[in-house]
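Read off the chains here:
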Amino acid sequence: MQPLSLPPRLLMGPGPINCYPRVLQAMSTQLVGQYDPAMTGYMNETMALYRQVFNTQNQQTFLIDGTSRAGIEAALVSVLEPGDKVLVPVFGRFGHLLTEIAERAGADVHTIEAPWGEVFDPQQIEDAIKQVQPKLLAVVQGDTSTTMLQPLEELGAICRAHDVLFYSDATASIAGNPFETDVWQLDAVTVGLQKCLGGPSGSAPITMSDRFVDVVRQRQHVEAGIRDAHHTDAKGARIRSNYFDLAMIMDYWGDERLNHHTEAATMLFGSRECAVALLTEGQDAVLQRHQNAGQAMLKGIQAMGLKPFGDLQHKMSNVVGVYIPDEVDGEQIRHDLLNIFNIEIGTSFGPLKGKIWRIGTMGYNARQDAVLHTLQSLETVLRRSGCKLSAGAGVDAAMAVYANAAANGKGSL
Ligand SMILES: *Cc1c(COP(=O)(O)O)cnc(C)c1O
């Protein structure tokens, strides 16, 4: 058997992306026991760090072990009882995922849909809330399938006015686009590491407001042979998952330290390091770096003569959709970029399949050199496939974005 040997790819798709080297280093740390004070100390520290990442005071802020959808599933299955009404505004693939997970939790799911490449006006969401009167509004912030960023700022107040809980999946957007859990009055948020946080997939940070926690705590709370219904006033139906039972997971991360799963220590070390990387560089600096890289990629693509997808006013900073020119085979171009230049860009799903590529500039790869290499390589592959492009225009336009940012004191590279 040979040792692991992977090609040195530059991952410029919609995620996963290359990890920050410090995250990989942290993940090669030796283990300690599950209840070793060193371990529980790092669990507490990770909770505190993610409160900063989420911009929240929420006590209940920790990690769900699993990929981002584990966080989504934990939030939805723990708060939704069979028959509860949920409203999901769908503007891409991940809205459909929220719908599917809520349905499996037995909820009565109502959706409104925006065309792919657009977002919702808050008024549309408020109108639907009035009509449906849901227990929960579940909405994606940044949907990488369409590259759109749904504004959330006004939705919290709308939810409070109608006594609705407010959940968001901010996996793809957090750290690359502004996110304010408390100011925007969110009740639950889940994310993952493999987008702008610069880690591998496999851990899902979550935060929950007191009002969300109260609803979860009202559910019956039993596990045969280990614990009894210690919340004797339990009213709601038992949570339909053991692994994703947030009431039990809170007791594991809390002072009680009641055994649930064995915390995935290596993922905890990686998650902690993602937060430390973000907070050490500074949230504003990291946002600016994503703004610059995203803008440079967009301007470069346009200068090459390619057309970006969707409503650019509402584009996420960290990913752009690019129409595949008629004269080329989109999959052949991706194949050549990967095999000749070691650069991965993304394909698309559903209605956009075969129509656009998606190019990401996230986390460790939200860097000037990564943007320029990608633009130069894409241009070369396209020219050699018969596209008439003006040589060098993409890289020049991207470099102009960086020069301009530097001149304005915003030169995060
Ligand atoms: C990428 C992405 C995910 C990823 O989910 P995984 O379970 O980690 O694959 C979830 N939600 C959104 C909005 C995403 O863009």
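Residues numbered from 1 in each chain as written. Predicted model: local features only at pLDDT ≥ 70, side-chain atom pairs only at ≥ 80, totals over all residues. Heavy atoms only, no water.

- The protein chain is annotated in an unreviewed UniProt entry as Aminotransferase of Marinomonas piezotolerans.
- Quoted verbatim from the Sequence similarities (unreviewed entry) field of the UniProt record, the comment on the protein chain reads "Belongs to the class-V pyridoxal-phosphate-dependent aminotransferase family."
- You can read under Cofactor (unreviewed entry) in the UniProt record for the protein chain the words "pyridoxal 5'-phosphate". (UniProt positions renumbered as here; feature names shortened; annotations may be inferred.)

## Things to note about the site of the ligand
Link 1 in the chain: The full set of residues close to the ligand is Thr67, Ser68, Arg69, Phe94, Val140, Gly142, Thr144, Asp169, Thr171, Ala172, Gln194 and Lys195.
Link 2 in the chain: Between Thr67 and the ligand, the recorded distance is 2.6 Å, taken from a side-chain N or O atom to an oxygen atom.
Link 3 in the chain: The contact in question runs from an oxygen atom of the ligand to an N or O atom on the side chain of Ser68, over 2.7 Å.
Link 4 in the chain: When the ligand sits alone it has 390 Å² of accessible area, and the protein chains cover 89% of it.
Link 5 in the chain: Applying the majority rule of atoms within 2 Å of the grid points places the ligand in the largest pocket. (Near = heavy atom within 4 Å. Polar contact = N/O pair within 3.5 Å; in protein donor to acceptor, adjacent residues only side chain to side chain. Areas by Shrake-Rupley, 256 points an atom, 1.4 Å probe, with all protein chains shown as cover. 1 Å grid on protein atoms, 1.4 Å probe; cavity = no way out; pocket = protein on both sides within 12 Å on 5 of 7 lines; lining within 4 Å. Sits in = over half its atoms within 2 Å of the grid points.)

## Considering the sheet that holds strand β3 (residues 85–90)
Link 1 in the chain: The strand order β2-β10-β9-β8-β5-β3-β4 describes an open sheet built from 7 strands, whose pairing is mixed. Only two strands of the sheet have a single neighbouring strand rather than two, namely β2 (60–65) and β4 (108–113). Averaged over all adjacent pairs, the angle separating strand axes in this sheet is 20 degrees, with direction ignored.
Link 2 in the chain: Most of the contacts of helix α5 (residues 122–132) go to β3, to which it runs at about 155 degrees, and overall it touches β3, β4 and β5 (136–140). (Pairing = 2+ DSSP bridges. Helix = DSSP H or I, 4+ residues; strand = E, 2+ residues; numbered from the N terminus. Axes fitted to C-alpha atoms, helices over the stretch in contact; angles between N-to-C directions. Contact = heavy atoms within 4.5 Å.)

## Some details on the UniProt feature "binding site: substrate" (unreviewed entry) in the protein chain
Link 1 in the chain: Residues annotated by UniProt as "binding site: substrate" (unreviewed entry) correspond here to Arg358.
Link 2 in the chain: Relative to the elements of secondary structure, Arg358 occurs in strand β13 (residues 356–360).
Link 3 in the chain: One polar contact links the side chain of Arg358 to the main-chain carbonyl oxygen of Thr144, over a distance of 2.6 Å.

## Side note on the pattern of salt bridges
Link 1 in the chain: All told, the structure shown has 14 salt bridges when counted by the stated rule.
Link 2 in the chain: The closest approach of N and O atoms between Arg272 and Glu45, which form a salt bridge, is 2.4 Å. Of this pair, Arg272 sits in helix α9 (residues 265–281) while Glu45 is found in helix α2 (residues 37–54), placing the two residues 227 residues apart along the sequence.
Link 3 in the chain: A residue is classified by how much of its surface remains accessible, and Glu45, at 32% relative accessible area, is partly exposed.
Link 4 in the chain: A single network of salt bridges, built from pairs that share partners, joins Arg22, Glu45, Arg272 and Glu273. (Salt bridge = Lys/Arg side-chain N within 4 Å of Asp/Glu carboxyl O. Buried < 20%, exposed > 50% of the residue type's maximum accessible area, 1.4 Å probe, protein only.)

## So, the pairing of β4
Link 1 in the chain: By the bridge criterion, 6 bridges tie β3 to β4 in an arrangement that is parallel. Counterpart to Pro89 in the pairing with β4 is Ile112.
Link 2 in the chain: As for the winding sense of the linkage, the β-α-β connection from β3 through helix α4 (residues 93–104) to β4 is right-handed. (Right-handed = clockwise from strand over helix to strand, strands pointing away.)

## Examining a negative patch on the surface
Link 1 in the chain: A contiguous patch of negative charge, built from Asp121, Asp127, Glu153 and Glu154, is present on the exposed surface.
Link 2 in the chain: Topologically, Glu154 is positioned in the loop between β7 (148–149) and α6 (155–161). (Patch = residues over 30% accessible without salt bridge, like charges linked within 9 Å, V, L, I, M, F, W, Y side chains within 5 Å. Lys, Arg positive; Asp, Glu negative; His and termini not counted. Charge placed at Lys NZ, Arg CZ, Asp CG, Glu CD.)

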